[in-house]
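Structure assessment
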Amino acid sequence: MWSFSIRLARLFDDWRIAAHAKACHKIAMSTSPKHSPPRRSLLSVPAINQRALNKVHDLNCDGVIFDLEDSVFPEKKGEARDNLRRFFRQTPLEGREGVIRINGMNSEFRKEDLELIGELAPDAVLLPKVDGPQDIGEVAGLLAATSPGVRLWAMMETAGGVLNAAAIAAADARLDCLVLGLNDLRKETGVLPQSGRAYLVPWMMQVVLAARAHGLDVIDSVFNDFRNTEEFMVECAQGRAMGFEGKMLIHPAQIEAANRAFGPSDEEITEAEAIINAFADPAAEGLNVINMDGKMVERLHLEQAERLMAKARQISERKMKA
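No experiment lies behind these values; they were computed from the predicted model shown.

Calculation criteria
- Residues numbered from 1 in each chain as written.
- Predicted model: local features only at pLDDT ≥ 70, side-chain atom pairs only at ≥ 80, totals over all residues.
- Heavy atoms only, no water.
- Helix = DSSP H or I, 4+ residues; strand = E, 2+ residues; numbered from the N terminus.
- Buried < 20%, exposed > 50% of the residue type's maximum accessible area, 1.4 Å probe, protein only.
- Expected span 1.5 Å × (residues − 1).
- Arc of directions from axis to C-beta.
- Axes fitted to C-alpha atoms, helices over the stretch in contact; angles between N-to-C directions.
- Parallel < 35°, antiparallel > 145°, perpendicular 65-115°, else oblique.
- Left-handed = near helix turned anticlockwise from the far one by under 90°.
- Contact = heavy atoms within 4.5 Å.
- Nonpolar A, V, L, I, M, F, W, Y, C, P; charged D, E, K, R; others polar.
- Phe/Tyr/Trp six-rings, centres within 6.5 Å; stacked < 30°, edge-to-face > 60°.

A word on the overall build of the chain. Check the secondary structure of the chain and you find 13 helices and ten strands. Evaluated residue by residue, the chain yields a buried proportion of 43% over its 322 residues.

The next thing to look at is helix H10 (residues 229-242). Compared with an ideal rise of 1.5 Å per residue, which puts 14 residues at 20 Å, H10 spans 20 Å between its outermost C-alpha atoms and is within 8% of the ideal. Within H10 the residues assigned to the buried category are Phe232, Glu235, Cys236, Gly239 and Met242. Axial view of H10: buried residues confined to an arc of 125 degrees, hence all on one face. Opposite the buried face of H10, at more than 90 degrees from it, the exposed residues are Glu230, Val234 and Ala241. Looking at the residues trailing H10, positive phi occurs at Gly243, about 105 degrees.

Turning to the packing of H10 against helix H11 (residues 255-262), a few remarks are in order. The geometry of H10 relative to H11 is characterised by a closest axis approach of 9 Å and an angle of 30 degrees between their N-to-C directions. On the basis of their axis angle, the class for H10 and H11 is roughly parallel. In the crossing of H10 with H11, the sense of the turn from one axis to the other is right-handed. When H10 is examined against H11, the residues Phe232, Met233, Cys236, Gly239 and Arg240 are found in contact with a partner set consisting of Ala257, Ala258, Arg260, Ala261 and Phe262. Of the residues in the contact of H10 with H11, the class split is seven nonpolar, one polar and two charged.

Once that is clear, we can look at the packing of aromatic side chains. Evaluated as defined, the whole model comprises four aromatic pairs. Summarising the aromatic geometry, the rings of Phe66 and Phe87 are spaced 5.1 Å apart at their centres and angled 55 degrees between planes, so their arrangement reads as tilted. One end of the pair, Phe66, is in strand S2 (residues 63-67); the other, Phe87, is in helix H3 (residues 77-90), with 21 residues separating them in the sequence. Of the two residues, Phe66 and Phe87, neither departs from the other in class, the shared state being buried. Their ring planes at 65 degrees and their centres at 5.9 Å tell us that Phe87 and Phe88 sit as a pair that is edge-to-face. Among the aromatic residues, those joined into a ring-pair cluster are Phe66, Phe87 and Phe88.

Now the structure itself:
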């Protein structure tokens, strides 16, 4: 009896180790570097605002989030959808990502919004107030037939969403990006809007960690006081330091500061070029670690340098096409 129990325990341990190894392999595969476009500045534009829609072609943001949700009154939802139909058919974005934020899955506007996604085929659809992986799975299933090429983005703006960040990030292969929404998160949790976001930082880092563990991009929340350029720049620097790819914006005046903060600086480009050249030296062949000007540099730094230079090239190419 005892020997059977021991064998059973060992079998369970073997199964647990194998399952853990499989999970680790899945995470390792998901965290391999991907080549997404620059997402330094993502301007949110109310789909009801025709004047704002007319101006987006002249703006230097990396992407536009066309909003059908919070910025549109219920009685104006149909008009907002019609505005997007005209925009995408007559004057589509070129060289930048076009993302449509739809209304929530429990909304009465869900059916019409999803039909619009099928018609217009934007680069991505942004799902608001995602609480768990089931929200992602439901939309992915509904769009599978009509919009197979449309990627999914998720707004992380509820307490449940932050708690379930890791499960959400792993929910579907079409999920491409997590976007932090601190206004709703503050409202739900009672955290006051304070400079530095000290009480929000742990939750923000939880979302960053979940995104990076599953190979997703992650975008920082909006900054509401668009006239306060000094504090906006401080918040952009904080977001960059925390690992965010870029920032969701509410006003064109915020674009250039976000581009500078989240884009490679001249110093970073110079350092990246030096690392790439150092490892290209025949003397570095077969070495995983080299001495560069008194600093230990590993091949992981080479990978980071190559990604930074790829991003710099993408930004430069888009400038030339503008």
